[in-house]
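What the coordinates show
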Amino acid sequence: MPRLRRLLFGSLLALCLLYTLYHHRTPSSPPLQAIPPDCPSHPDLSDILVILKTGVTESRDKVPIHLTTTLRCIPNHALFSDYIEPLSPSISTHDVLASLSPALIATHPDFDLYRRVQAHGPTALTPADLNPDINTPIGKPNNPGWKLDKWKFLPMLDEALALKPDAKWYVFMEADTYILWDNLLAWLRRLNPKDAIYLGNQMQIVDAIFAHGGSGFILSRPAVVKAVEHRKRSRDGWERAVGEHWAGDCMLGILLQDVGIELTWGWPMLQIAPPGEMDYFDLGYERRPWCYPAVSFHHLDGDGIRELDAMERTLKGKKGPVVYRDVFLNVMRPQLRDVRTDWDNLVEGEAVSVTSFAACRGVCSREALCLQYAYNETTSECRTSTALAVGHPQPGLSAGWMMDRIDAMADSLGECDEISWI
Ligand SMILES: *[C@@H]1O[C@H](CO)[C@@H](O)[C@H](O)[C@H]1NC(C)=O
């Protein structure tokens, strides 16, 4: 009898051990999406949930391109919005605002658009809702979709956790964000997902430091859990706080700061600009982007997304990560030339009066650090800049670049035998 008991006890122990082992080895829950068979296999991707935040005013125009490019090979992704709608035969958006308090939704003026669309669908959108509006230092205060958007940042964490409770990382992007997944995965492998990590492109409003939403940001599971639990203790308080602030990404930073999670500064690996508007050469926050892996870009339209997608395919066989040098040489450099007429290369700053485009070039050439200039043909004004931008067509302006200086600068920064990481 005692022997039998020992035996039984022993087998029970063995069973327990097996059970524990099994559960430690079991990979995360089944993928949310079936990915096409030609996608590269990336074991780490199964630990990541990618959330693309959008809204009913832009979703049908701006999200589908991601389903065939950025999100195509991501086994766990979700579209978070303010309205539930299918955006392909296999994926619908989630309404992340539905969990906010009914009183807020029923009465707050920011929810006017939300209430109309809930009642009548996207046909209730007016031309004013769809007007892109100009971006100001405090966002787009006249754009109803933009005003609604800030309310998504906090409930988005609850929704993400519910959707994939066992992810190691939660990656948040927007419809005008592009992420280079290989580089992001390589970066995350250098970090410990058991730590509470908040990784993003640093921004500051008053004394809050937070991750800029459009540049993309990443939270480890412990960070999401802590933030969700913290907000649960005072949902009304956080709703009031969001109501009084204009930036939802900043409110998320404040919530995380409140539970002691500081932002890891992600610049330059996460960028607020598209490839044609970023400063590849200069130091920022004591870092020079040139030899850093490129992880994100922002402010991209469909063409910009396709351009980066094509670049990644071109650079597929490259040894080592795609660094900003590669992006400069493959995307920006081919678009620069000595002269582009009817073109705005986004030069701002002091204007000087000159007599011709050639004279404007002269002004730039006499400034040692000038890399580009623009000439306004109506006013004969000349502007110069030490930063680079590609820009866009614009009748009445002529743009010029100092190609020799630009190429000399690119040469002097080297070929990135050593990769910089954060
Ligand atoms: C040229 O300058 C004038 C005056 O600043 C401005 O109104 C006009 O828009 C400029 N032209 C272009 C094409 O930017």
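Conventions adopted
Residues numbered from 1 in each chain as written. Predicted model: local features only at pLDDT ≥ 70, side-chain atom pairs only at ≥ 80, totals over all residues. Heavy atoms only, no water. UniProt positions renumbered as here; feature names shortened; annotations may be inferred. Phe/Tyr/Trp six-rings, centres within 6.5 Å; stacked < 30°, edge-to-face > 60°. Helix = DSSP H or I, 4+ residues; strand = E, 2+ residues; numbered from the N terminus. Buried < 20%, exposed > 50% of the residue type's maximum accessible area, 1.4 Å probe, protein only. Lys NZ or Arg CZ within 6 Å of the ring centre and 35° of its normal. Pairing = 2+ DSSP bridges. Axes fitted to C-alpha atoms, helices over the stretch in contact; angles between N-to-C directions. Contact = heavy atoms within 4.5 Å. Disulfide = S-S within 2.5 Å. Near = heavy atom within 4 Å. Areas by Shrake-Rupley, 256 points an atom, 1.4 Å probe, with all protein chains shown as cover. Patch = residues over 30% accessible without salt bridge, like charges linked within 9 Å, V, L, I, M, F, W, Y side chains within 5 Å. Salt bridge = Lys/Arg side-chain N within 4 Å of Asp/Glu carboxyl O. Lys, Arg positive; Asp, Glu negative; His and termini not counted. Charge placed at Lys NZ, Arg CZ, Asp CG, Glu CD.

The chain goes by N-acetylgalactosaminide beta-1,3-galactosyltransferase in an unreviewed UniProt entry, where it is assigned to Aspergillus ibericus CBS 121593. According to its UniProt record, the chain has this under Subcellular location (unreviewed entry): "Membrane". Entered under Pathway (unreviewed entry) in the UniProt record, the comment concerning the chain runs "Protein modification; protein glycosylation."

Once that is clear, we can look at the packing of aromatic side chains. Within this structure, the stated rule accounts for 14 aromatic pairs. Ring centres of phenylalanine 111 and tryptophan 151 lie 5.4 Å apart, and the angle between their planes is 55°; on these two criteria the pair is classed as tilted. Pair noted here: phenylalanine 111 is in the loop between helix H4 (102-107) and helix H5 (112-120) and tryptophan 151 is in the loop between helix H7 (144-149) and helix H8 (153-163), with a separation of 40 residues, a long-range link. Of the residues examined, phenylalanine 111 reaches a relative accessible area of 0% and is grouped as buried. Put simply, the rings of Tyr280, Phe281, Trp290, Phe297, Tyr324 and Phe328 touch in pairs and so form one group of aromatic residues. Sitting above the plane of the tryptophan 343 ring, arginine 340 keeps its charged end 3.8 Å from the centroid.

Read across the sheet, 8 strands follow the order S3-S4-S2-S1-S5-S10-S7-S11 without closing on themselves; strand pairing throughout is mixed. One side of each edge strand has no neighbouring strand; the edge strands of this open sheet are strand S3 (86-88) and strand S11 (263-265). Taken over all neighbouring pairs, the strand axes of this sheet differ in orientation by 30° on average, direction set aside. As paired strands, strand S2 (residues 77-81) and strand S4 (residues 91-95) are joined by 3 bridges and run parallel to one another. Opposite serine 81, over in S4, you have aspartate 95 as the bridge partner. Docked against the sheet, helix H10 (residues 221-232) engages strand S5 (169-174) and strand S10 (217-220), running at close to 85° with respect to S10.

Further remarks concern the state of the cysteines. In this structure the tally under the stated criterion is 4 disulfides. Residue pairing for cysteine 291: its cysteine sulfur links by disulfide to cysteine 416, the two sulfurs lying 2.1 Å apart. Classification of the bridge connecting cysteine 291 and cysteine 416 rests on its S-S torsion, roughly -80°, and on that basis the disulfide is left-handed. Of this pair, cysteine 291 sits in the loop between S11 and strand S12 (296-298) while cysteine 416 sits in the segment after helix H16 (403-413), and the two are 125 residues apart along the sequence. Indicated for the chain is the disulfide connectivity 1-2, 3-8, 4-7, 5-6, based on numbering the bonded cysteines in sequence order.

Around the ligand, the neighbouring residues are Asn376, Thr379, Glu381, Gln394, Pro395, Gly396 and Leu397. Notes on the ligand: free accessible area 360 Å², of which the protein chains cover 47%.

What follows concerns the UniProt feature "domain: Fringe-like glycosyltransferase" (unreviewed entry) in the chain. The UniProt record marks residues 162-264 with the feature "domain: Fringe-like glycosyltransferase" (unreviewed entry), using the residue numbering of this structure. For residues 162-264, the end-to-end C-alpha separation is 25 Å, with 43% helix and 25% strand making up the annotated structure.

Where like charges cluster on the molecular surface, the negative patch consists of Asp411, Glu415, Asp417 and Glu418. Along the chain, aspartate 417 turns up in the segment after H16. Among the residues examined, aspartate 417 registers a relative accessible area of 78% and is labelled exposed.

Once that is clear, we can look at helix H11 (residues 235-244). Burial in H11 covers these residues: Gly237, Trp238, Glu239 and Val242. Where H11 is buried, its residues meet H4, H8, H10 and helix H12 (248-258).

Moving on to the pairing of strand S17 (residues 392-401). Pairing of strand S13 (residues 339-344) with S17 involves 5 bridges; the strand directions are antiparallel. Paired with arginine 340 across the bridge in S17 is alanine 399. Note that strand S15 (residues 372-376) and S17 share 5 bridges and pair antiparallel. Bridge pairing links alanine 374 to alanine 399 in S17.

Pairing is antiparallel across the open sheet formed by 5 strands, whose spatial order is S13-S17-S15-S16-S14. Each of the sheet's edge strands pairs with one partner strand only, and the pair in question is S13 and strand S14 (352-353). Taken strand by strand, helix H15 (residues 357-366) contacts S13, S14, S15, strand S16 (381-385) and S17, and its axis lies near 150° from that of S15.

Before going further, it helps to spend a moment on the pattern of salt bridges. Within the structure shown, the criterion is met by 21 salt bridges. Between lysine 152 and aspartate 82 there is a salt bridge, with the nearest N and O atoms lying 3.2 Å from each other. With a gap of 70 residues between them, lysine 152 in the loop between H7 and H8 and aspartate 82 in the loop between S2 and S3 connect regions that are remote in the sequence. Its relative accessible area of 1% is what places lysine 152 among the buried residues. Exposure remark for aspartate 82: the relative accessible area of 4% places this residue in the buried category. Between lysine 152 and aspartate 149 there is a salt bridge, with its nearest N and O atoms 3.0 Å apart. Take aspartate 149: its relative accessible area is 16%, and that puts it in the buried class. Residues joined in a network through salt bridges with shared partners are Lys53, Asp82, Asp149, Lys152 and Glu174.

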